[in-house]
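# Secondary and tertiary structure notes
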Amino acid sequence: MVKDPICGMEIEPEAAAARRSHMGHTFYFCSTQCADTFDADPHKYAHPVMDGNGTKSAIASAPTAVESSCCQSTDSVAAEEPVDEETAAHEREYKSLMRKFWFAAAISIPVMLVAYPELPWLYLPNLFVGEASETLIQTLFILSAIVTLPVMAYSGRQFFTGGWAAFKHHSADMNTLIALGTSAAWIYSTVALIIPSIFPEGTATPFYDVTAVVIALVVLGQALEVRAKGQTSQAIRKLIDLQAKTARVLRDGREVEIPVEEVLVGDVVVVRPGDKIPVDGEIIDGRSAIDESMVTGESMPIDKAIGDEVIGATVNTTGSFKFKATKVGKDTALAQIVKMVQDAMDSKAPIARLVDQVSHYFVPTVMIISILTFLAWYNFGPSQALAFAVVTAVTVLIIACPCAVGMAVPMSLVAGVGKGAEHGVLIRNGEALQTASKLDVVVLDKTGTITKGKPELTDTVPASGFAAATLLHFAASADHLSEHPLAQAIVTGAQDQGIEVGEPDEFDAVPGHGVEAVVDGRQVLVGNIKLMRRYQVETSRLEADVKRLQSEGKTAMYVAVDGHAVGVVAVADTIKEDSVQAIQVMQELGLEVIMLTGDNERTAKAIARQVGIERVLAEVLPEDKAKEVHMLKQDGRKVGMVGDGINDAPALVEADVGFAIGTGTDVAIEAADITLMSGSLKGVAYAIEISRATMRNAKQSLAGAFGYNSLGIPIAAGILFPFFGILLSPILAGAAMAASSITVVSNANRLRFFKAKSFTETAEVTA
């Protein structure tokens, strides 16, 4: 049991009318009114509960500056506890609901097979005894009554407690509908079984299967929803795991390895090749190239020297250096990203459920109609007025039972999610799918999303009188021993073209400039203009080619042999093969496509021109990415964000729908609502198309389900009896419920034939 933080009522998690996440904790509410009160000021109501449990969120409540290693260690542990606690709570709730589902399902099937003796082809005993006797039929009905009681008491308990809680707050929801319909079916069946004579002839037939089947189906839907929600806190868990576990610091003139929580501001930290940088700081000795892609999104390692800043959790590549720690604990860039992801998760308002909104008015209306029906028949009915009054009143409740209503949206969502999975589009939950259907802006990260996220050799431009193959041979051979990603891209590109790549006789890496080597007895230089000037190499005849390549967003490197410039090689993060088509489809769907990247403006605009994007936001830091998304939302727009890196995680969660490239980092995938397993932007367009088709389908099913009820309720109340002598029996009410369910399932199956622009050449849409 958990306690509602507003009214203090104790409820079971699965019986909660609503739930909210705040600062790493999940809160459960007995009614939507309590949830609305919490939404108005979550900080006010959350803190007393959290303080009472002794599990405050360290990220929100810890001091802004860390004063001692002891405090740092405590904060680090506390920051992780709420994440693990919430994940475990979701897992426990999911397992509990699944146990209830399997219990209800195991009883529903045999009960359903002995519920209709008037249908010989469906009645199970006929397979064994030829034709069932009246005694056997009655015995099986009695057994059905007995075995469906534990289904109501165990599997359906949350519906009754939830409905009672809503009633005490003068409201009604799906719990009320399910509790009323299933209990009315059971009570009517039991009375008809025990005292059939009080009912008009032909109406005293039990149908316990309605009770068991409805409970089983709705519990399964709850379980799947809880499982999807339980995955969101893993994003924070993975962010925390990015931090280095230990650090090498200089203490009393000695290098010692200590836990990262014990690093203090001012400590001198030693970093070796391949190390993960433990905290933020400033280089005081040495130089290197650092992979900062998890923070900036830039795929190229950044050269760092004395005086430059380094960021915790980024990866050192080639050199060794020392830096002075300037930010530790919750002041580091990684800690800020964690906080931003958590804040975005906490602030994302849940999508209102259409069914609950309708049920808020539908349920009281059904109850009033049922009572009025009873009174009308009791006071103005023919002989046996009481029997007619009971039958019609119960029939009204039964035909209003939300079997089809409860299945309408889940069936469409399951079909839509399954269709998406066929094309490698994994949709986390129905909430994400519903929101994706309303998007009008899609923000794309550049590196790893539009582009491949890996530097490749793109151009070989030899000087006049020098062969391209010879140029590439010298450049690749000189770079063969370099660990720099740009150098490795040149080597790989040469090998792919069948160019012989040899070992240099001599090799020297010049940090921030390039490499100097001896290849085939000749001095070879490969690097930027600084390297050429250092060795006084004339490059004027190649400057036009370099400027052209740079305008295309490529990294151009000069190649010199024996003091003479012989050409230029260029490396770039190339565009994915299908990015242009995917962006075109998104624009045809009426979406505005925006590029948001940490890269420099020149490179970003060059890429944007190639893929047909007009609006570009370049040189954007991680915290600004989330701000840009937030500003778009402030304009009243529904925003989807697509990214693949750690630095994209805050923006992915801030967006109405976050799309993660499946070939990217685990954190981005966990923070996002939709994952594109193929890494193709086609998946974004497809996800939006399938979400729109699914929501249309769901609304159609929902309208059909409520249409059955709207048409059936007056007939069940006996409106046709004075004119045609027609009175709807509970059996026919059950048949109407079954028909509405078949309609819902059939309509949802139409999504199996859905065709989208994203993966077809035509624009045909069949759902």
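All values reported here derive from a predicted model rather than from experimental measurement.

Counting its secondary structure elements, the chain contains 29 helices and 26 strands. Taken across its 767 residues, the chain has 53% of its residues classed as buried. In the chain, the share of contacts with a sequence separation of at least 24, taken over all contacts with a separation of at least 6, comes to 66%. A total accessible area of about 33,000 Å² is found for the chain, and carbon and sulfur atoms account for 57% of it.

Taken as a whole and judged by the stated rule, the model has 9 aromatic pairs. Ring centres of Phe103 and Tyr154 lie 5.5 Å apart, and the angle between their planes is 85°; on these two criteria the pair is classed as edge-to-face. Taken together, the residues Phe103 in helix H4 (residues 69-113) and Tyr154 in helix H6 (residues 134-155) connect sequence positions 51 residues apart. Accessibility expressed as a relative area gives 31% for Phe103, which makes it partly exposed. Taking relative accessible area as the criterion, Tyr154 reaches 34% and is therefore assigned partly exposed. Above the ring of Tyr154, the side-chain terminus of Lys100 is found at 5.8 Å from the ring centroid.

Attention now goes to the sheet that holds strand S18 (residues 514-519). Spatially, S16-S21-S20-S19-S18-S17 is the arrangement adopted by the 6 strands of the open sheet, whose pairing is antiparallel. Both outer strands of the open sheet, strand S16 (451-462) and strand S17 (506-510), are each paired with one neighbouring strand and no more. Within this sheet the neighbouring strands show an average axis-to-axis angle of 20°, counted without direction. Direction of pairing for strand S20 (residues 555-561) relative to strand S21 (residues 564-575): antiparallel, over a ladder of 7 bridges.

Pairing within the open sheet is antiparallel, and its 3 strands lie in the order S10-S9-S12. A single partner strand is all that each edge strand has here, and the edge strands are strand S10 (302-304) and strand S12 (315-316). Relative to S12, strand S9 (residues 288-291) runs antiparallel, the two sharing 2 bridges. Considered in S12, the bridge of Ile290 is made with Asn316.

Looking now at the packing of helix H22 (residues 579-588) against helix H27 (residues 682-716). Axis angle and axis distance: for two packed helices, these are the angle between their axes and the distance between the axes, and together they describe the pair. The interhelical angle for the contact between H22 and H27, taken along N-to-C directions, is 25°, at an axis separation of 8 Å. Looking at the two axes, H22 sits roughly parallel to H27. Crossing geometry of H22 relative to H27 is assigned as left-handed. For the pair H22 and H27, contact is made by Gln581, Ala582, Val585 and Met586 and by Lys682, Val684, Ala685 and Glu689, respectively. Split by residue class, the contact of H22 with H27 holds 5 nonpolar, 1 polar and 2 charged.

Now for the pairing of strand S25 (residues 657-661). Where burial is concerned, most of S25 is hidden: 5 out of the 5 residues are buried. Burial along S25 is two-sided: the face carrying Val657, Phe659 and Ile661 and the face carrying Gly658 and Ala660 are both buried. Strand direction decides the pairing type here: strand S24 (residues 639-643) and S25, joined by 4 bridges, are parallel. For Gly640, the partnering residue across the bridge sits in S25 and is Val657. Pairing geometry for S25 and strand S26 (residues 674-676), over 3 bridges, is parallel. Paired with Ile661 across the bridge in S26 is Leu676.

The next thing to look at is the nonpolar core. Core analysis: the biggest nonpolar cluster contains 43 residues, and Leu444, Ile450, Met586, Ile613, Phe659, Ile674 and Val684 have the highest contact counts within it. If one sorts the elements of this core by residue count, H27 sits on top with 8 residues. Setting aside anything within four residues of it in sequence, one finds Ile450 in contact with Leu444, Asp445, Ile575, Lys576, Ser579, Met595, Ile607, Val611, Ile613 and Leu681. Grouped together as the second largest cluster of nonpolar side chains are 35 residues, Ala105, Ala145, Phe207 and Ala212 included.

As a packed pair, helix H18 (residues 468-479) and helix H19 (residues 485-496) sit with axes 8 Å apart at the nearest point and diverge in direction by 130°. Between H18 and H19, the interaxial angle falls into the category oblique. At the point where H18 passes H19, the crossing takes the left-handed sense. Contact residues: Leu472, Ala475, Ala476 and Asp479 in H18; Ala487, Gln488, Ile490, Val491 and Ala494 in H19. The residue inventory of the contact of H18 with H19, partitioned by class, reads 7 nonpolar, 1 polar and 1 charged.

Further remarks concern helix H23 (residues 601-611). The complete set of buried residues in H23 reads Thr603, Ala604, Ala606, Ile607, Ala608 and Val611. Within two residues after H23, Gly612 carries a phi angle of roughly 85°, on the positive side.

Rules used throughout
- Residues numbered from 1 in each chain as written.
- Predicted model: local features only at pLDDT ≥ 70, side-chain atom pairs only at ≥ 80, totals over all residues.
- Heavy atoms only, no water.
- Helix = DSSP H or I, 4+ residues; strand = E, 2+ residues; numbered from the N terminus.
- Buried < 20%, exposed > 50% of the residue type's maximum accessible area, 1.4 Å probe, protein only.
- Contact = heavy atoms within 4.5 Å.
- Areas by Shrake-Rupley, 256 points an atom, 1.4 Å probe, with all protein chains shown as cover.
- Phe/Tyr/Trp six-rings, centres within 6.5 Å; stacked < 30°, edge-to-face > 60°.
- Lys NZ or Arg CZ within 6 Å of the ring centre and 35° of its normal.
- Pairing = 2+ DSSP bridges.
- Axes fitted to C-alpha atoms, helices over the stretch in contact; angles between N-to-C directions.
- Parallel < 35°, antiparallel > 145°, perpendicular 65-115°, else oblique.
- Left-handed = near helix turned anticlockwise from the far one by under 90°.
- Nonpolar A, V, L, I, M, F, W, Y, C, P; charged D, E, K, R; others polar.
- Core = buried A, V, L, I, M, F, W, Y, C linked by side-chain atoms within 4.5 Å.

Keep in mind these values describe shape, not function.
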